[in-house]
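# Observations on the model geometry
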Amino acid sequence: MTDELVRIERDDPIAVVLLNRPKQLNALSDDVMEALVSALVELDRAGAVRCIVLGGSERVFAAGADIGMLAQTSPVEAATSARLARWESIRQIGKPIVAAVSGYCLGGGCELAMICDVIVASESARFGQPEINLGLIPGAGGTQRLTRAVGKAVAMDVILSGRFLSAREALDFGLVSRVVATEAWLEEAKRLARDIAKQSPVALRLAKEAVNRAYEGSLRLGVEYERQAFAIALSSEDAREGMSAFLEKRPPEFRGR
Ligand code: DAK
């Protein structure tokens, strides 16, 4: 275990980024967020990496923003600071990110998991937006992303009461796509990332953005984007290769072109 706030393991074509502030349950201080964003941006640029796994530890994904730091933040700072830009930078990562969630995934931690593209949860995962217990509300997209993921009734229940969802509930409500044994929390996420990494990088980037349009914008604009993105995907060498490989009954070799 190093004392870096974020550990990066390259295992091309995937990379694993682990939050590493265990004594504070991976509370997302400015330093942690800065290290996280710089790791993700670097991996997004690294040609040999095709999918990223983001996790914490078996005990905790992240217990939220650093409450000590939050207590020192003025309202103006909260609305204008570099903190907002960091969250936007994570949203802008083009490569798929699989969140490997085990243990507590709360507040800003839950918002971070939801900004990722897929969430793999261990049986011990606990999801919540407990800001209400602090007299606050979610500040990094939680009211929007949780509501879109699980619907109004469950989102209201979770956000207004501060209660945690178990991994099974999160699966039933559509917040996560898979629940795995606690000890397999990282391995299963890596397995999924390796499967994703086999696909065309061109198609992955376009598909990620198109799904995000469905999730974030209006239907009409989303469908328009999808139409254009499909044409771009169709014009890629990867698409030629993918279709030829299918017809020739062999595995495709995607080059990201
Ligand atoms: N911040 C700072 N320290 C934390 C922390 C947090 N969020 N969560 C835990 N810790 C620290 C504890 O203070 C404790 O430190 P020591 O006392 O040992 O020095 C250590 O981690 C272990 O925690 P506990 O002793 O409490 O451990 P337990 O197993 O008993 O309880 C727990 C685990 C996760 C249930 C509990 O620690 C807890 O309730 N933590 C707080 C969870 C929470 O309220 N999270 C929401 C925070 S507010 C924004 C972006 C993001 C946000 C807002 C704005 N902008 C871009 C504008 C996000 C806001 C939030 O996330």
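Keep in mind it's a predicted model, so treat the numbers as computed, not measured.

### Structural notes on the site of the ligand
Every one of the 24 residues lining the ligand counts as a neighbour, but Arg-59, Ala-63, Ala-65, Ile-67 and Gly-108 are closest to it. At 2.8 Å, a backbone N or O of Gly-108 approaches an oxygen atom of the ligand. A total of 1100 Å² of accessible area belongs to the ligand in isolation, and the protein chains cover 63% of it. Looking at the shell around the ligand, its residues break down into 14 nonpolar, 5 polar and 5 charged.

### Details of the sheet that holds strand β6 (residues 104–106)
Spatial ordering of the open sheet is given by β4-β6-β8-β9, a layout of 4 strands whose pairing is mixed. The open sheet terminates on both sides in strands that have one partner only, identified here as β4 (60–62) and β9 (165–166). In terms of strand pairing, β6 meets strand β8 (residues 126–128) through 3 bridges, oriented parallel. The partner of Leu-106 across the bridge, within β8, is Gly-128. Where helix α5 (residues 108–115) meets the sheet, it contacts β4, β6 and β8, and its direction lies at approximately 90° from that of β6.

### Overview of the pattern of salt bridges
Following the criterion strictly, the structure yields 24 salt bridges and no others. Arg-83 is the partner of Asp-30 in a salt bridge, and the nearest nitrogen-oxygen pair spans 2.9 Å. Taken as a pair, Asp-30 in helix α1 (residues 30–45) and Arg-83 in helix α4 (residues 82–91) lie far apart in primary sequence, 53 residues in all. We classify Asp-30 as partly exposed; its relative accessible area is 24%. For Arg-163, the salt bridge is made with Asp-157, and the minimal N-O distance between the two is 3.1 Å. Look at Arg-163 and you get partly exposed, because its relative accessible area is 28%. Judged by its relative accessible area of 33%, Asp-157 falls in the partly exposed class. Sharing partners across several salt bridges, the network here consists of Arg-91, Arg-145, Glu-209, Arg-213 and Glu-216.

### Describing the sheet that holds strand β3 (residues 51–55)
Strand order in this open sheet of 6 strands is β1-β2-β3-β5-β7-β10, and the pairing throughout is mixed. A strand with exactly one partner marks an edge of an open sheet, and here the two such strands are β1 (6–11) and β10 (178–180). The mean angle between the axes of side-by-side strands here comes to 20°, regardless of whether they run parallel or antiparallel. Relative to β10, strand β7 (residues 118–122) is paired through 3 bridges, and the arrangement is parallel. Paired with Ser-122 across the strands is Val-180, a residue of β10.

### A closer look at a nonpolar patch on the surface
Taken together, the side chains of Ile-67, Leu-70, Leu-134 and Leu-136 define a hydrophobic patch exposed on the protein surface, amounting to about 320 Å² of accessible area. Mapping Leu-136 onto the fold places it in the loop between β8 and α6 (142–150).

### So, the packing of α4 against α5
Contact pair α4 / α5: the axes reach a minimum separation of 9 Å and the direction vectors enclose 30°. Taken together, the axes of α4 and α5 are roughly parallel relative to one another. For the pair α4 and α5, the sense of crossing is right-handed. Of the residues in α5, those in contact with Trp-87, Ile-90 and Arg-91 of α4 are Gly-108, Glu-111, Leu-112 and Ile-115. Counted by class, the contact of α4 with α5 contains 4 nonpolar, 1 polar and 2 charged residues.

### Observations concerning the side chain of Asp-238
Mapped onto the elements of the fold, Asp-238 is located in helix α12 (residues 237–247). In this structure Asp-238 is buried but unpaired, with Arg-50 as the nearest side chain of opposite charge at 6.2 Å.

### Comments concerning the state of the cysteines
As enumerated under the stated definition, the model contains 0 disulfides in all. Looking at the unpaired Cys-51, the closest cysteine sulfur is the one in Cys-116, lying at 10 Å. You can call Cys-51 buried: its relative accessible area is 0%. Cys-105 forms no disulfide, and the closest cysteine sulfur to it belongs to Cys-110, at a distance of 4.7 Å.

Analysis parameters
Residue positions within a chain follow its written sequence, with the count starting from 1. Residue-level local features of this predicted model are given only where pLDDT is at least 70; pairs of side-chain atoms are given and counted only at 80 or more, and the full residue set underlies all totals for whole chains, interfaces and linings. Note: side-chain values were computed over all heavy atoms of the structure, leaving out hydrogens and water. To be near a molecule or strand, a residue needs just one of its heavy atoms within 4 Å of it. Polar contact is defined as a pair of N or O atoms within 3.5 Å, subject to the rule that within protein one atom must be able to donate a hydrogen and the other to accept it, and that residues adjacent in sequence are counted only when both atoms are side-chain atoms. The method behind every accessible area is Shrake-Rupley, applied with a 1.4 Å probe, and residues are considered shielded solely by the protein chains displayed. Nonpolar residues are Ala, Val, Leu, Ile, Met, Phe, Trp, Tyr, Cys and Pro. Charged residues are Asp, Glu, Lys and Arg, and all others, Gly as well, are polar. Two strands qualify as a pair provided DSSP detects at least 2 bridges between them. Runs of H or I in DSSP of at least four residues are treated as helices and runs of E of at least two as strands, each being numbered from the N terminus. For this analysis, residues touch if any pair of their heavy atoms sits within 4.5 Å. Axis lines are fitted through C-alpha atoms, for helices just across the contact stretch, and the angle between N-to-C directions can take any value from 0 to 180 degrees. Within this document, salt bridges are pairs made up of a side-chain nitrogen of Lys or Arg and a carboxyl oxygen of Asp or Glu, the two lying within 4 Å of each other. The buried label goes to any residue with under 20% of its type's maximum accessible area, the exposed label to any with over 50%, and the partly exposed label to all in between, with areas taken from a 1.4 Å probe on protein chains only. Each patch is built from residues that are more than 30% exposed by relative accessible area and take part in no salt bridge. Like charges join if they lie within 9 Å; nonpolar side chains (Val, Leu, Ile, Met, Phe, Trp, Tyr) join within 5 Å. The cut-offs work like this: below 35 degrees is roughly parallel, past 145 is roughly antiparallel, 65 to 115 is roughly perpendicular, and the gaps in between are oblique. Here is the rule for handedness: rotate from the far helix to the near one, and if that takes an anticlockwise turn smaller than a right angle the crossing is left-handed, while a clockwise turn gives right-handed. Just so you know, the count uses Lys and Arg for positive and Asp and Glu for negative, and it drops His and the chain ends. Counting rule for disulfides: a pair of cysteine sulfur atoms within 2.5 Å.

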